[in-house]
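Listed here are the chains, written in short residue letters.
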Amino acid sequence: MGRGEKGEKGAQGVMWPLMGPGVRTKPLRPPPLPLKKKFLIKSTRFTWVTCFGFKTANFAERKRDMNILDEKGELAVYEKMPDQVKISHKELERDGFGRNPFYQCLVAEVSEDHKSKDGHTKVGYSLFFYTYSTWKGRTVYMEDLYVMPEYRGKGIGKALMATVAKVAKEQHCVRLQFSVLDWNKPSLDFYLAKGAEDLTAKEGWHFLRFHGIALDNLAREAP
Amino acid sequence: MANFILRKAEPKDVSDILRLIKELAKFEEMEDQVILTEKDLLEDGFGDHPFYHCIVAEVPKQHQSADGHMIIGFAMYYFTYDPWIGKLLYLEDFYVMKEFRGFGIGSEILKKLSQTAVRTRCSSMHFIVAEWNKPSIEFYKRRGASDLSLEEGWRLFKIDKQNLLKMTNEE
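Taking an unreviewed UniProt entry as the reference, chain B is identified by name as Diamine acetyltransferase 1 belonging to Cirrhinus molitorella. As stated in UniProt under Pathway (unreviewed entry), the record for chain B gives "Amine and polyamine degradation; putrescine degradation; N-acetylputrescine from putrescine: step 1/1." Per UniProt, chain B has the following entry under Subunit (unreviewed entry): "Homodimer."

An unreviewed UniProt entry annotates chain A as N-acetyltransferase domain-containing protein originating from Cirrhinus molitorella. Under the UniProt heading Sequence similarities (unreviewed entry), the entry covering chain A gives this text: "Belongs to the acetyltransferase family."

Set out below in structure tokens:
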């Protein structure tokens, strides 16, 4: 377990992040479904959004992916905290597409003829980043996973997560972590079915934070 | 005894860092779970793209520990991202050797971390604590930390390598 299994090249010389320039798409294998839904699945593409640098990610791609922020608005509403979205498109762009990206993002995209009622072709996304466990090493933390309600039940969420898992595997990460609100039964069921373990229940871990004024006060106490 | 310095960890510190990681894991009764090696720490912390940052607490030779160590505390952190509020500082490990507690070293480390967070425009500093670890929870709450698991209902999940591989094969 851990990075670099026996027989593999190992992590030597592997640069992080491991993405090349431009955008790669991967067509999905359409699952067997009734004719109406099959058509929709066939058109679903996954765009591997690279967070490499201003020179290699062209402006059109960055602009196009800015409606991730609109989707975040939707996710915030689902989690019942819409007034908590404080960052702008500008910050999202700077933090994801600069020289030193703070996150990676995958989007699920449908073709123009399957766009949503309000005209979107990007219908789901996952935002994640790398973290580190002092016990096990490289880990992926999935911060957001979201599919618009009208596109659920078609395997998009599952495929997004499988792609995150694939990236984790390529980067020799040993674990994927994320957090879920305790009332969010549909999500809890989704993750538990995939072999996820609730560490809060199992090992008693609680999330704490120093936020805003509390953080400022702590910093101010320094001599 | 209050003579110590806090500094950024250097490659030469990895063996001390691993020693302290194992001591902390022992305290959490999970010592056998540490599979990380010095080589991993070196590559992952001091390569081209570090996965973590680390500060160490060092005492002068005349105040070294009973078993001859000068690095007697550490904190490991990295930057994460909240799509609602932006950059965050995530505190992964934070430990001071037992014989050096009660001298304000832990407090100083925490202050230094919060300064780093403010300087790098982070909105928040996040971390996890085991619910049975009452001394640590009190330490943090006294300084203004809030428990998001209690207040908002967040639960931490993991999917281990075996199940990750299963998911990639299903794709």
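Here we come to the nonpolar core. Counting residues in hydrophobic clusters, the biggest one holds 108 residues, and the most contacted among them are Leu176, Phe178 and Phe210 of chain A together with Leu41, Ile109, Leu110 and Tyr140 of chain B. Per-element tally for this core: the top contributor is strand 3 (residues 71-82) of chain B, with nine residues.

Further remarks concern the pairing of strand 3 (residues 104-109) of chain A. Residue and element names in this part refer to chain A. Burial analysis of strand 3 places six of its six residues in the buried class, which makes it a mostly covered element. Burial along strand 3 is two-sided: the face carrying Gln104, Leu106 and Ala108 and the face carrying Cys105, Val107 and Glu109 are both buried. Note that strand 3 and strand 4 (residues 122-133) share six bridges and pair antiparallel. If you follow Ala108 over to strand 4, its bridge partner there is Gly124.

For the rest of this paragraph, the subject is the packing of aromatic side chains. Per the counting criterion, the structure on display carries 20 aromatic pairs over all chains. Pairing Tyr103 of chain A with Tyr81 of chain B gives two aromatic rings, centres 4.8 Å apart and planes at 35°, and the pair type is tilted. Here Tyr103 of chain A, found in the loop between helix 4 (89-97) and strand 3, pairs with Tyr81 of chain B, found in strand 3, and the two come from separate chains. Across this residue pair, the class does not change: Tyr103 of chain A and Tyr81 of chain B are buried. Taken together, a centroid distance of 5.7 Å and an interplanar angle of 10° make the contact between Phe178 of chain A and Phe157 of chain B stacked. In this pair, Phe178 of chain A is assigned in strand 6 (residues 175-181) and Phe157 of chain B in strand 7 (residues 154-160), connecting two distinct chains. The same class applies to Phe178 of chain A as to Phe157 of chain B, namely buried. These aromatic residues form a ring-pair network of at least three members: Tyr130 and Tyr132 of chain A together with Phe46, Phe51 and Tyr52 of chain B.

The subject of this paragraph is the sheet that holds strand 5 (residues 124-130) of chain B. Spatial ordering of the open sheet is given by 1(B)-2(B)-3(B)-4(B)-5(B)-8(A)-6(B), a layout of seven strands whose pairing is mixed. Two strands close off the open sheet at either side, each with one partner strand: strand 1 (5-8) and strand 6 (146-147) of chain B. Pairing geometry for strand 8 (residues 205-211) of chain A and strand 5 of chain B, over seven bridges, is antiparallel. Residue pairing across strands places Phe207 of chain A opposite Ile128 of chain B, the latter belonging to strand 5 of chain B. On the sheet, helix 1 (residues 14-27) of chain B packs against strand 2 (53-58), strand 3 and strand 4 (86-96) of chain B and is oriented at approximately 85° with respect to strand 3 of chain B.

Interface size is commonly expressed as the accessible area that is lost once the parts come together. Between chain B and chain A, the residue contacts involve 77 residues of the former and 85 residues of the latter. Both faces combined, the contact of chain B with chain A buries some 8,300 Å², and carbon together with sulfur accounts for 62% of it. By the criterion of area lost to chain A, the three top residues of chain B are Tyr81, Trp84 and Phe157 of chain B, representing 12% of everything that side buries. There are two salt bridges connecting chain B and chain A. Among the ionic pairs, Asp198 of chain A bridges to Arg155 of chain B, the shortest N-O distance being 2.6 Å. Counting across the chain B and chain A interface gives 30 residue pairs in polar contact (both at pLDDT 80 or more). Counted by class, the side of chain B that touches chain A contains 39 nonpolar, 15 polar and 23 charged residues.

Residue and element names in this part refer to chain B. When the pLDDT values of chain B are averaged, the result is 90; 98% of them are 70 or greater. Confidence, read as mean pLDDT per element, is least for helix 6 (residues 161-170) in chain B (81) and greatest for strand 2 (97). In the predicted complex, the global pTM is 0.71; the interface-specific ipTM is 0.77.

Conventions used here
- Residues numbered from 1 in each chain as written.
- Chains lettered and ligands numbered in written order.
- Predicted model: local features only at pLDDT ≥ 70, side-chain atom pairs only at ≥ 80, totals over all residues.
- Heavy atoms only, no water.
- UniProt positions renumbered as here; feature names shortened; annotations may be inferred.
- Core = buried A, V, L, I, M, F, W, Y, C linked by side-chain atoms within 4.5 Å.
- Buried < 20%, exposed > 50% of the residue type's maximum accessible area, 1.4 Å probe, protein only.
- Helix = DSSP H or I, 4+ residues; strand = E, 2+ residues; numbered from the N terminus.
- Pairing = 2+ DSSP bridges.
- Phe/Tyr/Trp six-rings, centres within 6.5 Å; stacked < 30°, edge-to-face > 60°.
- Contact = heavy atoms within 4.5 Å.
- Axes fitted to C-alpha atoms, helices over the stretch in contact; angles between N-to-C directions.
- Buried area = accessible area lost by both parts, 1.4 Å probe.
- Salt bridge = Lys/Arg side-chain N within 4 Å of Asp/Glu carboxyl O.
- Polar contact = N/O pair within 3.5 Å; in protein donor to acceptor, adjacent residues only side chain to side chain.
- Nonpolar A, V, L, I, M, F, W, Y, C, P; charged D, E, K, R; others polar.
- pLDDT = per-residue confidence, 0-100.

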